[in-house]
Each structure stands twice: as structure tokens, then as C-alpha cells.
Amino acid sequence: MAKLSTDELLDAFKELTLIELSEFVKKFEETFEVTAAAPVAVAAPAAGGAGAAAEEVEEKDSFDVVLESAGEKKIQVIKEVRALTSLGLGEAKALVDGAPSNVLEGANKETAEKAKAQLEEAGATVTLK
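Below, the structure is looked at part by part. Being a predicted model, the structure only gives us computed values, none of them experimental. (Residues numbered from 1 in each chain as written. Predicted model: local features only at pLDDT ≥ 70, side-chain atom pairs only at ≥ 80, totals over all residues. Heavy atoms only, no water.)

## Regarding a nonpolar patch on the surface
Then step 1. Together, Leu16, Phe24, Phe28, Phe32 and Val34 line one region of the surface with nonpolar side chains, adding up to about 420 Å² of accessible area.
Then step 2. Looking at the element boundaries, phenylalanine 32 is found in helix α2 (residues 18-32). (Patch = residues over 30% accessible without salt bridge, like charges linked within 9 Å, V, L, I, M, F, W, Y side chains within 5 Å. Areas by Shrake-Rupley, 256 points an atom, 1.4 Å probe, with all protein chains shown as cover. Salt bridge = Lys/Arg side-chain N within 4 Å of Asp/Glu carboxyl O. Helix = DSSP H or I, 4+ residues; strand = E, 2+ residues; numbered from the N terminus.)

## With respect to the sheet that holds strand β2 (residues 101-107)
Then step 1. The strand order across the open sheet formed by three strands is β2-β1-β3, and the pairing between neighbours is antiparallel. Both outer strands of the open sheet, β2 and β3 (125-128), are each paired with one neighbouring strand and no more. This sheet shows a mean twist of 20° between the axes of neighbouring strands, independent of strand direction. (Pairing = 2+ DSSP bridges. Axes fitted to C-alpha atoms, helices over the stretch in contact; angles between N-to-C directions.)

## Quick notes on the packing of helix α5 (residues 74-84) against helix α6 (residues 89-97)
Then step 1. Where α5 contacts α6, the two axes come as close as 9 Å, and the packing angle between them is 120°. With respect to each other, α5 and α6 are oriented oblique. By crossing handedness, the relation of α5 to α6 is classed as right-handed. Residue-level contacts link Lys74, Val77, Ile78, Val81 and Arg82 of α5 to Leu89, Ala92, Lys93, Leu95, Val96 and Asp97 of α6. (Parallel < 35°, antiparallel > 145°, perpendicular 65-115°, else oblique. Left-handed = near helix turned anticlockwise from the far one by under 90°. Contact = heavy atoms within 4.5 Å.)

The structure is reproduced here in C-alpha cells:
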């Protein structure tokens, strides 16, 4: 099979239905063990959005999970911080003690919301920025 150029690939995708494209994206993600959320968001403005729309999409595509306070269950919050990050016990405790502080930076929306929910369930006060 000859290698297709980027333009040839785009032309091929333009001929697919939304369902076919969705199935392709799922197969692509499984095959290469990646998530295509960012490329889809970036491609959407290119399909007809202005430069300002592209900036807006990029801003909403990346979130910082900020621990505002640990609440009464500090140990549970430290455990959640350790589960969400690669920090050791001492570093996680320092992060929680130093609130407000960033737990995750540049996370996608799904990851950020999941982290926020886990931390709030443990008793922390969390904001997404």
C-alpha cells in the first residue's frame, strides 16, 4: 500500500459518515493506545472556525486541578493526591499542607473532572482552572 499524504487522508475522511469516522477514531485509539480528544478539538476550528475560536477551544481543553483546602479528612485527601499523581507520601503531604496548590496541570477535561470528584469525595475543596 502506498503511503498517503496528509491531504489525501483528509479527503478520505471527508467522504466518511460521522458514524464511520467515530468507529475509525475508536479503532485508532485502540490500535495506538492514545486518546484522540485533543486532535478532534483542534481540527474542529480548522473546519470553519476563526482564530479566536481556536484559542477558546485550546483554553477549555486543558485544566489545572487546584486543591483549595484539605478539609477535615486530610489523610484521605493525601491518599487521593498520591493516587492521582506519582508523588510519594512526603511530597503529597507537603502539597496538601501547602494548599492552595496544583494537583494536576494541563489535564484534559475528563481527567480533571474525575480528579476533582475523587478529591471532593475525600473531603477536599477543589477548583478547576
